[in-house]
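In case you want the letters, here they are:
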Amino acid sequence: MSTTPATAAPAAAQRPRRHPLTYLVRFQSLLGLILVIIAGVAFSPRRHGNILFLQPDNIANIIRSISETGILAVGMTFVIIAAGIDLSVGAVLGLCSVLTAALFVNEGWGLWSTLPLVIVAGTLFGAVQGAISVKARIQAFIVTLAGLQAARGLSLIASNNAFININYGEGPGNAPPAFAVLGERIGGVFPVATLVFVVLAVIAIFVLNNTRYGRYVFAVGGNEKAARLSGIPVEWIKISVYAITGFVSAIAGIVHAGQFAFGSPNDGTGYELNAIAAVVIGGTDLFGGAGSMIGTIAGAVMLGALANILQLNDVSAAMQLLATGAIIVVAAALQTYVGRGGGTR
Amino acid sequence: MSDRLLELRNIQKRFGGVHALRGVDFDLAAGEVHVLLGENGAGKSTLMGVLSGAVVPDGGSIALDGQGVQFASPREAHAAGIAMIPQELDLVPGLDIASNLFLGNELTSGFMLSHRRMRRNAQDLLRRAGVSLDAGLPVASLRMGERQLVAIAKALSAKARILIMDEPTAALSAVEADHLFTVVKDLAARGVGIVYISHRLEEVPRIAHRVTVMRDGAVVGITTPDAPQAELVQLLVGRPFSDLFPPRAARIGAPILRLANAAFDPDLPRAGWQAPRDVTLTVHEGEIVGLAGRMGVGRTELLSALHGFGAKGRWRGTIEVRGRPATLGTIPAARHAGLAYVTDDRRGTGLILTHTVAQNAVMSTLRKVTPFGLVSRALERRHVARALEDYDVRPRAPDAKVVNLSGGNQQKVVFAKELMSAPGLLLLDEPTRGVDVGAKAEIYRRLRSLTAGGLGVLVASSELPELIGLCDRIVVMDEGRTIHEFGPAPREEDVRRMSEGESRAA
């Protein structure tokens, strides 16, 4: 530091000068969300003078469609802030949905034995990946890529390589009727699946911003050595964030099984990339140490709203993918341009 | 000095409200090494920015070979034969030396890169810079000193007649620095004019032909290299040298840490990591004990083995903390025993640069501000405000990013962070590396006021005048052993002979 341009250092220190774009980055996901909504209203098809985009039914569709990606993205935010990555979440979602269906339908288990077991299984799967990465010092990218394959393999085993349909009712071969609630809407409008996402998101915002644990996650991602030197249990924190992604993947898997009333070993393919996209659009730094849970949530909603607008306008699936890609690049470019902004929020 | 290569007259520069350069005159002769001394904020980097074309001055004139010139960009200055070697070297680690030297000016034959020609020419450039390295080596495999030499060769490849070096020895070991000095002098002897920016006073007599001292954007003195250090310090900071060191301990209390014939067995022995083999020393309350010795004798290793950072293993022998046998060697154990450690690498391991001052300051004591695991912003604010006050971190801006602070203030944040856990013993490794004289004096004063409150300090430093001025006792190490102990204020020659004499015998 001793050769910081002589005058820049004190000046910068007295009043940290912010690039105007810093604010844009900090709120980019909220801003992007607003823009997408404005665009949605502007380009929405109308029927009998009603803006289809804003119809309660359509909005319910949007927030339902993002519930699973959103749940995954909540966990992914922890991992990425801790300077990691988890590519296995989509596969673990698939595994957990299959496990749920198989235990209900093939094994005749009840609600209160199945759900805890699936959640524990998912969490363990994540924790084991974290432990392997930490203890064997293998990059998380590799470990979770391997985990992705392993989870797919396990789903094929658990399902006997078959699609498992969930029927509701009493007796063997049926799932408990209460489980069907995940596919329903509160008051006929608000999807239960989305409620699960909202509850998890609220908890995650609190944990990340208001607990010691949250601070530790930021510190580990910001500078692992400095964190270790400060007495922070770095290894434990790193393992725990993968346990969190495992946990949310299990929840998302259960929601998936409940929403669609089946378990399919190939479901959830590519979900990890949507989750990562939501996190990045939300302004979290892929190098770790800086990021925002609220940003992630806005990012997830934005991706869902965008897909919805394009669908309403009968834009082809190909164009939808291109548009999503473009948005991710713009979000990343904004961050790179302004530098490693961030901090906690 | 008739051969005047460069002449800057009455250079003015303002950045907003800051008057960075207040009519600075500076000149350089061919074949001269002209050292430019100044503290952070003195304006030396801005002045060199003007010279290298990165900063456009508001007023004044630049003459090269007596001809008035104006540089609108670094490219123009470069074309005129002025090359700057920044502190963060602009070399690509993944490429070999030859590719780095010709980066952007690759030699080709047709479409193809002419590797052989580049390699040959690179070898030639290296030889002319007095460097004996194979041009085919990847830069990543070189040590910092060797990279520095490659950077010089690169500057020479652009036919530079004026070389600006920005604290080239900041990251070098003593041996590497020696080699660098030889190369620099050799270049000067061949007519290159060299501006050498530094704040290491001890380098001045070894390399300079002339010294210019800047303070607050103005030249406050031009002297010869044989000027006594005290005079240079006075010019630099505007107050006498003796004021640098506070008075020694008034009261020495009970022993905090006692090692007797202690040795450390690392789980994974590494080459070049000198494990403590036979260490006997005691640090008392209120006392500052220094660790002296050459590079690589195990000073840093002793500190990290005590603290457990970067060293896993087991201690043998007598280790007592406050009179009771203690197990050390892991970070939690050290923290439990009341040992805190300030690293010599604040940017790499001391701080999270992208986080705020507040976040860094409470990092090692988060428990104190998170009752029941929940962050109490009120507690956090109060703790941080007190720490910023206590350690005089400027500005007092808890929400400023640490990366925007000056080196000295970053170091204060590291101190604040470690001392917030109220340790009994502070382990310091090169606490003033890379901070300027004014900030050094402040750190010394701070340490003394802490020890007055009963803290013990064990400090390793490669700067003998610092240890002598600061410490109550100095322990000399060699090859992992403590070999001698000096009382307060020993003569520098005695300590130097002791640290170096043993090595020759070995």
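Source: prediction; values computed, not measured.

Asker: If you had to explain the pairing of strand β1 (residues 4–15) of chain B to someone new, which residues and values would you point to?
Answerer: Residues and elements named next belong to chain B. Across 9 bridges, the pairing between β1 and strand β2 (residues 18–29) is antiparallel. Pairing of Gln12 across the sheet is with Arg22, part of β2. As consecutive antiparallel partners, β1 and β2 are separated by 2 residues, and within that stretch Gly16 has a phi angle of approximately 55°, a positive value. In this structure, β1 lies alongside strand β4 (residues 59–64), joined through 5 bridges in antiparallel fashion. Bridge assignment links Gln12 to a residue of β4, and that residue is Gly59.

Asker: Tell me about the packing of helix α7 (residues 111–135) of chain A against helix α8 (residues 140–158) of chain A, and please be specific about residues and values.
Answerer: Residue and element names in this part refer to chain A. As a packed pair, α7 and α8 sit with axes 9 Å apart at the nearest point and diverge in direction by 145°. At the point where α7 passes α8, the crossing takes the right-handed sense. Counting all contacts with α7, which are made through Phe125, Gln129, Ile132 and Ser133, the residues of α8 involved are Ala140, Val143, Thr144, Gly147 and Ala151. Counted by class, the contact of α7 with α8 contains 5 nonpolar, 4 polar and no charged residues.

Asker: Quick rundown of the confidence of the model for chain B? Include the residues and the values.
Answerer: Low pLDDT means the predicted atomic positions in that stretch should not be read closely. Residue and element names in this part refer to chain B. The predicted model of chain B has a mean per-residue pLDDT of 86, with 98% of residues at 70 or higher. Low pLDDT, under 50, characterises residues 502–506; the stretch is placed with 5 contacts to residues that sit more than four places away or in other chains. Two summary scores accompany this predicted model of the complex, namely pTM at 0.76 and ipTM at 0.78.

Asker: A description of helix α4 (residues 115–128) of chain B should follow, citing residues and the corresponding values.
Answerer: All names here are of chain B. Helix length check: α4 (14 residues) gives 20 Å between terminal C-alpha atoms against 20 Å at 1.5 Å per residue, within 8%. Those residues of α4 lying buried are Met118, Arg119, Ala122, Leu125 and Leu126. Here the buried residues of α4 occupy an arc of 125° about the axis, which is enough to place them on one side. For α4, the secondary structure elements touched by its buried residues are α3 (97–101) and α5 (144–157).

Asker: I'd like a description of the sheet that holds strand β19 (residues 425–429) of chain B, backed by residues and values.
Answerer: Residue and element names in this part refer to chain B. On the basis of which strands lie adjacent, the open sheet formed by 6 strands has the order β18-β19-β20-β15-β21-β22 and mixed pairing. Each edge of the sheet is formed by a strand with only one pairing partner; in this case those strands are β18 (339–342) and β22 (481–486). Shown here is a sheet whose adjacent strand axes are inclined to one another by a mean of 20°, direction ignored. Both strand β21 (residues 473–478) and β22 contribute to a ladder of 5 bridges, which runs antiparallel. Across the sheet, residue Met477 finds its bridge partner in β22, namely Thr482. Strand contacts of helix α9 (residues 299–307): β15 (288–292), β18, β19, β20 (456–460) and β21, with the helix running at about 145° to β19, the strand carrying the most contacts.

Conventions adopted
Residues numbered from 1 in each chain as written. Chains lettered and ligands numbered in written order. Predicted model: local features only at pLDDT ≥ 70, side-chain atom pairs only at ≥ 80, totals over all residues. Pairing = 2+ DSSP bridges. Helix = DSSP H or I, 4+ residues; strand = E, 2+ residues; numbered from the N terminus. Axes fitted to C-alpha atoms, helices over the stretch in contact; angles between N-to-C directions. Left-handed = near helix turned anticlockwise from the far one by under 90°. Contact = placed C-beta atoms within 7 Å. Nonpolar A, V, L, I, M, F, W, Y, C, P; charged D, E, K, R; others polar. pLDDT = per-residue confidence, 0-100. Expected span 1.5 Å × (residues − 1). Buried ≥ 20, exposed ≤ 12 C-beta atoms within 10 Å, placed from the backbone. Arc of directions from axis to C-beta.

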